[in-house]
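One letter stands for each residue in the lines below.
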Amino acid sequence: MLLFVIGVAIIVVGLAVSIGLHEIGHLVPAKLFGVKVTQYMIGFGPTIWSRRKGETEYGVKAIPLGGYIAMIGMFPPGKDGHAKEDSTGFFRTLVQDARDSSAESITPGDEHRAFYRLPVWKRIIVMFGGPFMNLVLAVVLFGVLLMGFGISQPSTTIGSVSECALPATSDRQTCEAGDPAAPGAEAGVQPGDTIVAVDGESIESWNESTAIIREHPGEEISVVVLRDGQEVTLAVTPMLSERYVVDDRGQVVTGADGEPITDEVGFVGIGPAVETVRQPVTAVLPMVGENVQAVAGIIVNLPQRLVDVANAAFGPEERDPNGPISVVGVGRVAGEIASLDEVPIASRAAGLVGILASLNVALFVFNLIPLLPLDGGHIAGALWEAIRRGWAKLRNRPDPGPVDLAKLMPLTFAMVIILGGMSALLIYADIVKPVSLF
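Everything quoted here is computed from the prediction, not taken from an experiment.

## Describing the side chain of Ser 209
So, point 1. Relative to the helices and strands, Ser 209 resides in helix α5 (residues 206–214).
So, point 2. Residue class for Ser 209 comes out buried when judged on its relative accessible area of 1%.
So, point 3. At a separation of 2.7 Å, a polar atom in the side chain of Ser 209 contacts the main-chain carbonyl oxygen of Trp 206.
So, point 4. In this view, Ser 209 contacts Ile 195, Val 198 and Ile 203; residues no more than four positions away in its chain are not counted.

The structure is reproduced here in structure tokens:
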């Protein structure tokens, strides 16, 4: 239990640091560009601790689910140059309240320090600074994971030899009388043998040997292994068996319905020993890119993913371990990793580093969604302003001025409700039917 709590605590602290650095990514360029920043806060809700330094109040709030910096003048005034207008209706009130709050944040003499007065490129830098910090942190953490700890991958050494041959889709995992013997065991393959060549081809990786074996069902092939310092040649006849289709990384390929794809291929019945190999620096950015692509894929399919989560939370279905989870679920997974006594400490530490790295990738991608109140919404607004002003200049028309993002407050309000509902659903699902990796 203690190790579980330690694992959760590490993720909580790591998440707080990630959020803090995200807000620093906004804070530093904002101050460099002269914008007045009145608050720098980690968390939401009631303030637990704060201290004022210069014109900025730095603090921590009770709900550690995010953070923010408060910059004066986030929204421009109305078209007539005044912040206040008579308005009726709920949505118009939202727009007006946003303008009023923005105008009230500007103290006399600081009008030139309002955020909306910055040039477009400076506003983009300020808003992109937060996600960029998460990207940098993800690169650093993946660098530590890959180059420091290394990653587990199959070696060319044989780790297991099956006694019998069972289809990949079989519910049984143990041999029974009448099951056909596995070709590897029949040929005399032993755990600890290192594969040197298969069917006359030198082997550098486990996937190379598997590919050759799959292509020769019912055909006798030679397998050269290194055993006790001596090369031993064995005659093996792979049998035709239903096996899962795997990609270049050894991962099972799934179809459009999410079910694993199977194929009838040659089967010997041997499994690789796993070794931890440190990766070169050139492997870091591709790993980050793969994670960015994976998170983007989850976000694109988020509506269906949330339906699946709801069906699992309120029904008999199982949770998809590759689906979205809340911070509660992340903490639970981290606790499970930390409490695995049979796993070396280094491997557990690597698992926790990997979780924090993936969290920062998620923060990077999610915050770039071009919708308010996310950073991507402000970036999209600034880009639209640049396009609109550039088009007006090209056609010799008057400058249309800054884009009034306050008009999008009804959409922002809807997004806040959606994000809140999504968070509530994921937290509930992670409590009643959590994702378990083990």
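## Some details on the pattern of salt bridges
So, point 1. Within this structure, the stated rule accounts for eight salt bridges.
So, point 2. Where Asp 110 meets Lys 36, a salt bridge forms, and the shortest distance between an N and an O atom there is 3.0 Å. Linking Asp 110 in the loop between α2 (90–104) and α3 (120–149) with Lys 36 in the loop between α1 (2–32) and β1 (37–53), this pair joins segments that are 74 residues apart in sequence.
So, point 3. The exposure class of Lys 36 is buried, given its relative accessible area of 14%.
So, point 4. Connected via shared salt-bridge partners are Arg 123, Glu 385, Arg 389 and Asp 399.

## Quick look at a nonpolar patch on the surface
So, point 1. Residues Phe 44, Ile 63, Leu 65, Phe 314, Val 327, Val 328, Tyr 428, Ile 431 and Val 432 make up a contiguous nonpolar surface patch of roughly 810 Å² in combined accessible area.
So, point 2. The set of elements that each furnish at least two residues to the nonpolar patch consists of β2 (56–71), α8 (327–338) and α11 (409–432).
So, point 3. Per element, the largest residue contribution to the nonpolar patch is three residues, and it comes from α11.
So, point 4. Inspection of the secondary structure assignment puts Ile 431 in helix α11.

## With respect to the packing of aromatic side chains
So, point 1. Here the structure, examined in full by the defined rule, presents five aromatic pairs.
So, point 2. Look at Tyr 40 and Tyr 58: their rings are 5.7 Å apart centre to centre, the planes differ by 50 degrees, and that puts the pair in the tilted class. Taken together, the residues span a long stretch of sequence, with Tyr 40 in strand β1 and Tyr 58 in strand β2 at a distance of 18 residues.
So, point 3. Judged by centre distance (6.1 Å) and plane angle (10 degrees), the rings of Phe 44 and Tyr 68 are stacked. Of this pair, Phe 44 sits in strand β1 while Tyr 68 sits in strand β2, placing them 24 residues apart in sequence.

## Remarks on empty space enclosed by the protein
So, point 1. A full pass over the atoms with the stated rule returns two cavities of 30 Å³ or more.
So, point 2. In terms of lining, the largest cavity is formed by Met 74, Pro 76, Phe 115, Tyr 116, Arg 123, His 378, Gly 381, Ala 382, Glu 385, Pro 402, Val 403 and Leu 405.
So, point 3. The element contributing the most residues to the lining of the largest cavity is helix α10 (residues 375–394), with four residues.
So, point 4. Here the residues of the lining of the largest cavity are counted per class, giving eight nonpolar, two polar and two charged.
So, point 5. Its boundaries defined by the atoms lining it, the second largest cavity holds a volume of some 50 Å³.
So, point 6. The wall of the second largest cavity is formed by Ile 158, Val 189, Ile 195, Val 198, Ile 213, Val 223, Val 236, Val 268 and Ile 270.
So, point 7. Residue composition of the lining of the second largest cavity, grouped by class: nine nonpolar, no polar and no charged.

Procedures and definitions
- Residues numbered from 1 in each chain as written.
- Predicted model: local features only at pLDDT ≥ 70, side-chain atom pairs only at ≥ 80, totals over all residues.
- Heavy atoms only, no water.
- Helix = DSSP H or I, 4+ residues; strand = E, 2+ residues; numbered from the N terminus.
- Buried < 20%, exposed > 50% of the residue type's maximum accessible area, 1.4 Å probe, protein only.
- Polar contact = N/O pair within 3.5 Å; in protein donor to acceptor, adjacent residues only side chain to side chain.
- Contact = heavy atoms within 4.5 Å.
- Salt bridge = Lys/Arg side-chain N within 4 Å of Asp/Glu carboxyl O.
- Patch = residues over 30% accessible without salt bridge, like charges linked within 9 Å, V, L, I, M, F, W, Y side chains within 5 Å.
- Areas by Shrake-Rupley, 256 points an atom, 1.4 Å probe, with all protein chains shown as cover.
- Phe/Tyr/Trp six-rings, centres within 6.5 Å; stacked < 30°, edge-to-face > 60°.
- 1 Å grid on protein atoms, 1.4 Å probe; cavity = no way out; pocket = protein on both sides within 12 Å on 5 of 7 lines; lining within 4 Å.
- Points joined across faces, edges and corners; volume = space filled by probe spheres on them.
- Nonpolar A, V, L, I, M, F, W, Y, C, P; charged D, E, K, R; others polar.

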